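# Structure assessment
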Amino acid sequence: MIGLISATAAGAAARNRLAAAWPDRTRVYDGPVGDAVRRAFAECEQLVCFLATGAVVRLIAPLLDSKASDPGVVCVDEGGRFAVSLVGGHGGGANELAREVGELLDAEPVVTTATDAVGMPGLDTLGLPVDGAVAAVSRALLDGEPVALHNESGWPLPPLPVAADGVYGIRVSDRLVELSAQEVVLRPPTLVVGVGASRGAPAEEVLELIEGSLREAGLSVKSVAGLATVDAKAEEPGIVAAAERLGVPLITYSAEELAVVEVPNPSEAPLAAVGTPSVAEAAALIGGGELLVPKRKSAAQPAMATCAVVRRPVRGRLAVVGLGPGARDLLTPRAKAELERASVLVGLDQYVDQIRDLLRPGTLVLESGLGAEEERARTAVEEARKGQAVALIGSGDAGVYAMASPALAEASDDIDVIGVPGVTAALAAAAILGAPLGHDHVSVSLSDLHTPWEVIERRVRAAAEADIVVTFYNPRSRGRDWQLPKALAILAEHREATTPVGVVRNASRPDESSRLTTLAALDPATVDMMTVVTVGNTATRDIAGRMVTPRGYRWQESARQEGAR
């Protein structure tokens with residue numbers, strides 16, 4: 001929850017805008033400002049104070065305890081010009097909150113955290129638990145001192161300015177390791193703990209067994225990605241409570257799924273009880289990996305819990321990222337986050353140029369020109385298979401006439417693939433034209449480089465006969481100048497000559513242009529590959545210079561009846 005505190009009418013107005021935009025995330029604290037800040041500090045994960053920074057510093061100073069537990073605090077000035085990340089920039093999420101508040105209130109986010117200032121990811125922002133000399137190692141990275149990286153697990157990381165050797169060090173390990181005063185350890189979620197339990201097994205017994213087994217095996221509980229068990233135990237209180245206390249998900253499998261997993265220690269007892277000869281080992285091993293701790297029983301008499309620990313193989317990560325139609329403000333926050341996370345970026349050279357400034361220093365950029373889509377897809381998958389965090393970029397939405405399909409055709413189940421949606425050219429053009437996609441619509445690429453024209457023509461004809469609004473991608477180029485006239489002629493067989501047609505070139509870019517014309521008046525020679533052409537259906541109308549397709553046809557029938565009168 002985000003606590004909101006203000007002292008003046010101007011501050012309250014901005015506060016109320018935030019509260020209205022985030023009703024489920026925020027809580028307004030009224031009353032004397034000092035009391036409000038103290039209550040919010042104790043009750044909320046984050047605070048936004050519409051007060052002077054000096055005032056907030058004095059109010060929260062006695063309340064500060066630890067950067068690991070203090071809430072993140074953002075200050076917004078009376079004029080609403082700046083959103084200042086004051087406390088808990090990384091651990092409390094104040095840096096990101098300042099950016100969100102700034103975007104919502106049209107204020108400039110002020111982030112002074114050193115790593116953010118130079119574009120380096122903070123060690124406590126990598127999404128992994130971190131222990132050790134975080135401040136000292138971060139300072140060494142910032143000062144350009146050699147910092148050695150020992151990535152034992154091969155976990156994919158964003159680019160860090162590390163060296164082969166150095167006094168300072170970063171370890172990535174799920175093992176319990178002795179750290180020097182110049183080291184940190186990042187805990188990747190590589191361990192899965194399979195758990196079995198008798199009915200009514202106490203949570204303390206289950207938890208003690210898990211933690212003791214990990215400790216004796218020299219493994220960190222912070223690297224546990226989840227507990228796994230059989231469906232029949234999905235609601236067993238002791239197992240559920242253990243997962244909650246560890247802060248990890250509880251994953252369940254059917255007895256049939258577990259029964260086919262080969263395990264070293266099958267037993268008749270679970271077979272009779274739940275229908276599988278193994279619960280703990282089978283549940284841990286079902287996704288593959290190395291069995292580090294074979295089945296162990298709890299120390300209680302009689303033992304009511306069992307567990308086994310498996311280290312899952314680390315998988316590379318491929319994010320297929322849609323950049324939108326070109327405007328920076330149409331690039332989604334999720335896309336920005338993936339670009340910052342990537343250690344390798346693969347993309348068309350002109351798209352790389354659009355977002356090069358968002359990449360972390362040290363990101364490996366693999367760019368190529370037009371016509372190398374399959375090569376880029378193969379390269380991205382190959383880099384992910386090396387254990388890298390890869391971002392493969394495409395314009396619009398990467399899954400629409402872009403890089404997602406060739407990449408996924410190359411990828412197998414040995415890497416993680418994440419799709420990041422983007423604003424498509426059709427949607428960007430539609431927003432400029434008005435509301436042409438208000439009813440059923442379809443997008444058709446007129447490029448026959450990958451699809452035979454016979455197939456394209458059949459699809460255009462089907463859309464024409466079904467009275468569906470059509471958006472044409474890749475409508476015309478120097479070498480393909482007859483496809484668009486042919487497609488328009490097919491549509492004209494089923495639609496009036498006055499059917500509205502919207503033409504948008506370079507949607508959302510600085511040289512954007514658009515016009516609304518008709519099916520009869522459109523000159524294909526004015527269209528090129530940077531253009532999107534949207535042809536309305538029989539219900540589409542030009543209303544006040546905007547292209548509008550109603551959501552239904554009832555109004556059209558009413559209009560006809562009215563005209564008949």
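Values in this document were obtained by computation on a predicted structure and should not be read as measured data. (Residues numbered from 1 in each chain as written. Predicted model: local features only at pLDDT ≥ 70, side-chain atom pairs only at ≥ 80, totals over all residues. Heavy atoms only, no water.)

Another aspect to go through is the overall build of the protein. The number of helices and strands found in the protein is 19 helices and 28 strands. Its C-alpha atoms give the protein principal-axis dimensions of about 90 × 65 × 55 Å. Burial status across the protein gives 47% buried among its 565 residues. In the protein, once contacts between residues fewer than 6 apart in sequence are set aside, the share between residues at least 24 apart is 64%. Counting every atom, the protein has about 26600 Å² of accessible surface; 51% of that belongs to carbon and sulfur. Charged side chains of the protein number 53 positive and 72 negative; the gap between the two group centres comes to 3 Å. (Helix = DSSP H or I, 4+ residues; strand = E, 2+ residues; numbered from the N terminus. Buried < 20%, exposed > 50% of the residue type's maximum accessible area, 1.4 Å probe, protein only. Contact = heavy atoms within 4.5 Å. Areas by Shrake-Rupley, 256 points an atom, 1.4 Å probe, with all protein chains shown as cover. Lys, Arg positive; Asp, Glu negative; His and termini not counted. Charge placed at Lys NZ, Arg CZ, Asp CG, Glu CD.)

Glancing now at the packing of aromatic side chains. This structure, assessed with the given rule, holds two aromatic pairs. Ring plane angle 55° and centroid distance 4.7 Å describe the contact between Y401 and Y473, whose orientation is recorded as tilted. In this pair, Y401 sits in the loop between β19 (389–394) and α15 (404–410) while Y473 sits in strand β23 (residues 469–473), placing the two residues 72 residues apart along the sequence. Here Y401 falls in the partly exposed class, since its relative accessible area comes to 44%. By relative accessible area, which is 10% here, Y473 ends up buried. (Phe/Tyr/Trp six-rings, centres within 6.5 Å; stacked < 30°, edge-to-face > 60°.)

With that out of the way, let us pick up the sheet that holds strand β14 (residues 290–297). By way of backbone hydrogen bonds, the strands of a sheet pair with one another, either parallel or antiparallel. Overall, mixed pairing links the five strands, which are arranged β13-β12-β11-β15-β14 in an open sheet. Edge positions in the sheet fall to β13 (250–253) and β14, since each of these pairs with one other strand and no more. Sheet twist, expressed as the mean angle between neighbouring strand axes with direction ignored, is 20°. Note that strand β12 (residues 224–230) and β13 share four bridges and pair parallel. By the bridge assignment, T229 is partnered in β13 with T252. Here helix α7 (residues 203–216) sits on the sheet and contacts β11 (191–197), β12, β14 and β15 (305–311); the angle it forms with β15, its principal contact strand, is near 40°. Relative to β12, helix α8 (residues 237–246) is tilted by about 170°, and along the sheet it contacts β11, β12 and β13. (Pairing = 2+ DSSP bridges. Axes fitted to C-alpha atoms, helices over the stretch in contact; angles between N-to-C directions.)

Here we come to the pattern of salt bridges. Counted according to the given criterion, the structure contains 27 salt bridges. In this structure, E383 and K386 form a salt bridge, with 3.1 Å as the shortest nitrogen-oxygen distance. The exposed category is assigned to K386, whose relative accessible area is 60%. Each of the salt bridges in this network shares a partner with another, and the network as a whole consists of D174, E290 and R311. (Salt bridge = Lys/Arg side-chain N within 4 Å of Asp/Glu carboxyl O.)

Residue position: T363 is located in the loop between α13 (349–355) and β18 (364–368). Here the side chain of T363 touches R360 through a polar contact of 2.7 Å, landing on its backbone oxygen. Those residues within four positions of T363 in sequence are excluded, and the remaining contacts are P159, A342, S343, V344 and L345. (Polar contact = N/O pair within 3.5 Å; in protein donor to acceptor, adjacent residues only side chain to side chain.)

To continue, consider the sheet that holds strand β3 (residues 46–50). Taken together, six strands build an open sheet; the order of strands is β2-β1-β3-β4-β5-β6 and the sheet is mixed. In the strand order of this sheet, the two ends are held by β2 (26–28) and β6 (108–110), each with one partner. Direction aside, neighbouring strands of the sheet carry axes that sit 25° apart on average. Lying on the sheet, helix α1 (residues 9–21) is in contact with β1 (2–6), β2 and β3; it crosses β1 at an angle near 160°.

To continue, consider helix α12 (residues 333–341). Every buried residue of α12 is accounted for by A335, E338 and L339. Relative to the axis of α12, the buried residues are bounded by an arc of 100° and lie together on one face. For α12, the exposed residues set more than 90 degrees away from the buried face come down to P333 and R334. Contacts made by the buried residues of α12 are with β16 (316–322), β17 (344–348), α13, β19 and β20 (415–420). (Arc of directions from axis to C-beta.)

This part is about the side chain of T499. Counting through the fold element by element, T499 comes out in the loop between α18 (483–492) and β24 (500–505). On the accessibility criterion, T499 (5% relative accessible area) is buried. For T499, the side chain forms a polar contact with the main-chain oxygen of E496, separated by 2.7 Å. Ignoring sequence-local partners within four residues, the contact set of T499 consists of T517, T518, L519, V535, G536 and N537.

Residues V193, V195, V206, I210, L214, L227 and V309 are the most contacted members of the largest nonpolar core, which totals 22 residues. Sorting the residues of this core by element identifies β11, α7, β12, α8 and β15 as the ones contributing at least two each. Here this core takes five residues from α7, the largest share from any one element. Those residues in contact with I210 that lie beyond four places of it in its chain are V193, V195, L227, L246 and C307. Formed by 21 residues, the second largest nonpolar core is a distinct cluster that contains L446, A464, V533 and V535. (Core = buried A, V, L, I, M, F, W, Y, C linked by side-chain atoms within 4.5 Å.)

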